[in-house]
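# Understanding the architecture of this molecule
What follows is the residue order along each chain.
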Amino acid sequence: MEYPGARRPDRRRTVDRHGLQLAVWEWGEESAPPLLLAHGGFDFAGTFDVFAPALADGGWRVVAWDHRGHGDSEHAVLYSWDADLRDMLAVLDTVSRRPIPFVGHSKGGNITLQLAEACPHRVSHVVNIDGLPSRNRAPDVADHERTKMLAGELSGWLDFRRGAVGRARKPGTLDELAKRRQRMNPRLPLDWLRYLVTIGAREDEDGWRWKIDPIMRFGGFGPWRPEWALERLPGLGAPLLAFFGTEPEPMGWSTTPDSVARYMPAGARMEVIEGVGHFIHIERPREVADAVLEFLS
Amino acid sequence: MTDITWLQHAKVTLALHRLREGDGNRRPLLLLHGLGEQAPAAPPPETAAWPGPVCALDFTGHGRSTIPAGGGYTSELLMADVDTALAELGEATVVGRGLGAYVGLLIAGARPELVRGAVLADGPGLAGGGGKPSSPHVPTVEASDGGPPDPYALVDLSRDLRPPDYAATFVRQANQLSGIDWPVHVAAIGRPDWLAAVVAEPGVREASIADALTHYGQENEPPVS
């Protein structure tokens, strides 16, 4: 299936992370200077099929990988933020030992910020596409209410884990999968989502299924506090270019320039793209790619 | 050699050891080991007076349970390991050492109807990675030699963050939803920040493991069916 401007990667390889196989995808000349592209949660590298070629045509070797359990990477037994960070470093080790630019969307952008702090000698530039942390919290509720809310989240998650043995994703036609995805990506054209099905899903005898590990689910709980990531932002040493959309949507981080302005490192550039949602680089690939190429030049 | 029941938690096979039969009509005791440890071969002496069965779980990556590829451990995942054991055992009283103490607290808050008392004791991995992030680094992890414990478990679970207010939330849930007077007993002498916050909550009492088990054992009437 084709989509206007979309181009599959020029190369595919596998990185073995202590027995876990990660799918790595590259666009552009192998001899060109490399940059690393990190997708968001519940996405996969193929969602960069329009954006990545635009960067590659600007003279870059664009390297992306499918996070564990996503796309064509192996389904892991365990998932965690630190594991994703280690996987990212394992991919980076096969690309360059010198500092290179990173472009990350959503969760991929947030992991990049953490890598830039832990390994500043590996990161030359940071481009963040709606992946900056913010202080957004649920509105204040009474203590008892909050406990009940957490209790529901906890038992719901545990019940889901109890039912997880042998769980498979629901099969459907190509169109059905595209429409299911549109609930979480309501601003993206259905033709684009159909195109994504042909990459991010596989066709079994009883229909198409998204490849993503069925053990993964939205929501959750845990000890992480968004302000921890916020407090690290001012110390970022690499130049930062951050993109913000203006339209709220289900997968969005709802981070506004105002909410993070006081945390931004000196010289950081904030680009607000009017009239787009969370997937800024998919809604406006040319505009975002041009700004990134100019930032890296 | 203990009697092992094999349980499936998603892609992990967990070993649930039965250390002592006890009175099968009484509530079982479930032991949770510390970081890098495994289920003991025999019931510890402080459990001698427990009237019901005594069981012990090997966490993911430990003992006889599955060692997964590529790490990614969290205490919340281990809490779900314990929930898998509770699906088999039904109501149980939990005694955790170190890491197992923290996980025991989590499951006491998350399954207040199933955990009839949690005893938190000293042991490896009691502190975790502290209450908030310290200077970040990405640790190198040696490949596993195939045997337990999984090196990734040692790295991930010695770094996992345990904010005191997060730990306290689980105590409050156990208090409000378990319907028992003292849902948590702290036997540990160590006081990492999360445990200090737990001790400060209502419904938490400090006592030795044996005394705590005497208390929960007295409440341990045969279940009404």
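Residues numbered from 1 in each chain as written. Chains lettered and ligands numbered in written order. Predicted model: local features only at pLDDT ≥ 70, side-chain atom pairs only at ≥ 80, totals over all residues.

Regarding its fold elements, chain A presents ten helices and ten strands. Taken over the C-alpha trace, chain A has a radius of gyration of 19 Å; the compact-globule value for 297 residues is 19 Å, and the two agree within 12%. If you line up chain A on its principal axes, its C-alpha atoms span 50 × 50 × 40 Å. For chain A, the proportion of its 297 residues judged to be buried stands at 43%. The contacts in chain A between residues at least 6 apart in sequence include a share of 74% that link residues at least 24 apart. (Helix = DSSP H or I, 4+ residues; strand = E, 2+ residues; numbered from the N terminus. Rg over C-alpha atoms; globule rule 2.2 N^0.38 Å. Buried ≥ 20, exposed ≤ 12 C-beta atoms within 10 Å, placed from the backbone. Contact = placed C-beta atoms within 7 Å.)

Of the regular secondary structure elements, chain B holds six helices and eight strands. Traced from its N-terminal end to its C-terminal end, chain B shows the element sequence β-β-β-β-α-β-α-β-α-α-β-α-β-α. Here the C-alpha atoms of chain B give a radius of gyration of 16 Å, agreeing with the 17 Å that 2.2 N^0.38 yields for 225 residues. Expressed as lengths along the three principal axes of its C-alpha atoms, the size of chain B is roughly 50 × 40 × 30 Å. Expressed as a percentage of its 225 residues, the buried residues of chain B come to 55%. Taking as baseline every contact in chain B between residues at least 6 positions apart, the subset at least 24 positions apart corresponds to 74%.

Residue and element names in this part refer to chain A. Here chain A is described as being made up of domain 1 (11–138 + 224–296) and domain 2 (143–210). The C-alpha-based centres of domain 1 and domain 2 are spaced at 23 Å. Counted by class, the side of domain 1 that touches domain 2 contains five nonpolar, four polar and three charged residues. (Domains from an automatic or database assignment. Nonpolar A, V, L, I, M, F, W, Y, C, P; charged D, E, K, R; others polar.)

Attention shifts here to the interface of chain A and chain B. In this assembly, 34 residues from chain A lie in contact with 35 residues from chain B. Secondary structure elements with two or more residues in the side of chain A that touches chain B: α2 (81–93), α3 (107–118) and α4 (143–162) of chain A. With eight residues, the single largest contributor to the side of chain A that touches chain B is α4 of chain A. Looking at the side of chain A that touches chain B residue by residue, the class counts come to 19 nonpolar, seven polar and eight charged.

Time to look at the sheet that holds strand β3 (residues 29–32) of chain B. All names here are of chain B. Taken in spatial order, the eight strands of this open sheet run β1-β2-β4-β3-β5-β6-β7-β8, and their pairing is mixed. Whereas interior strands pair on both sides, the edge strands pair on one side only; in this sheet they are β1 (3–9) and β8 (204–206). On average, each strand axis in the sheet is inclined to that of its neighbour by 25 degrees, with strand direction left out of account. As defined by bridge partners, strand β2 (residues 12–20) adjoins strand β4 (residues 54–57) across four bridges and the pair is classed as antiparallel. Paired with Arg20 across the two strands is Val54, which belongs to β4. (Pairing = 2+ DSSP bridges. Axes fitted to C-alpha atoms, helices over the stretch in contact; angles between N-to-C directions.)

Moving on: the pairing of β2 of chain B. Residue and element names in this part refer to chain B. Pairing of β1 with β2, which is carried by seven bridges, proceeds in the antiparallel orientation. Pairing of Ile4 across the sheet is with His17, part of β2. In textbook terms, the turn of a hairpin is the stretch between consecutive antiparallel strands, and for β1 and β2 this stretch comprises two residues, one of which, Ala10, has a positive phi near 50 degrees.

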